[in-house]
Amino acid sequence: MRIGKRRGGLVRNIIILMSGAAVAQAIAFLASPALGRLYEPAAYGVYGAFSSVVAIALSVATLRYDLAVVLPKKDGDAANVLGVAVAVVCATTILVAVVCLLMRNWIAQVMRSPGLAGLVWLVPVDIFFAGLFAALNSWAIRRKAFRLTSQSRVTNAVFTSGTQIAAGAKGAGALGLVGGTVMGDAFGAIALGAAVLK
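Residues numbered from 1 in each chain as written. Predicted model: local features only at pLDDT ≥ 70, side-chain atom pairs only at ≥ 80, totals over all residues. Heavy atoms only, no water.

Chemist: Let's hear about the pattern of salt bridges: which residues, and what values?
Modeler: For the structure shown, the criterion picks out 1 salt bridge. We note a salt bridge from D75 to R142, for which the minimum N-O separation is 3.0 Å. Separated by 67 residues along the polypeptide, D75 in helix 4 (residues 75–110) and R142 in helix 5 (residues 122–142) bring together distant segments of the chain. Here R142 falls in the buried class, since its relative accessible area comes to 15%. (Salt bridge = Lys/Arg side-chain N within 4 Å of Asp/Glu carboxyl O. Helix = DSSP H or I, 4+ residues; strand = E, 2+ residues; numbered from the N terminus. Buried < 20%, exposed > 50% of the residue type's maximum accessible area, 1.4 Å probe, protein only.)

Chemist: Break down the packing of aromatic side chains for me, with residues and values.
Modeler: All chains considered together, the criterion is met by 3 aromatic pairs. Between Y39 and Y44, the ring centres sit 6.3 Å apart and the planes meet at 75°, which makes this aromatic pair edge-to-face. The exposure class assigned to Y39 is buried, which follows from its relative accessible area of 4%. With 5.2 Å between their ring centres and 70° between their planes, F128 and F129 make a pair best called edge-to-face. (Phe/Tyr/Trp six-rings, centres within 6.5 Å; stacked < 30°, edge-to-face > 60°.)

Encoded structure:
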């Protein structure tokens, strides 16, 4: 009987997580036709270069301490790991900010995207919020707050697409795409943090 309940709970939690991811993807998919009309291919090129730089930095942003949050048996120990993960994110953000400040033109050259030089300063901002989200997401999973995790992903998608469309309508160019992503990551992390840490 207990096994049946556990399986039922597991299936329900998986459905909740998958539904949040599906809704977030649906929002991005529905927004894509409008974005395609509002932005030139060159803007997408800069956006792609920005996303690549962020992805590389994010691979070490938490030193994978976020994955360790779910491992300790005691919540107190897990909270300490969470604190370490957040501290590592902050340290990584500062390091990346210094590198971007001193080497923005070199980064743009390496990525073969001249337009990236003026937007490199947003890389550490996005890394901070995306890294923070990863750490908080692990804490939410540990606390079995799967609904909050799904809601935060939807919040991310809404703010990302909404900001990108609004900025594109005003002719923001690549800044609109990049800024929308940063706004989405920021509001997703803030919403999740406010919910799981209250």
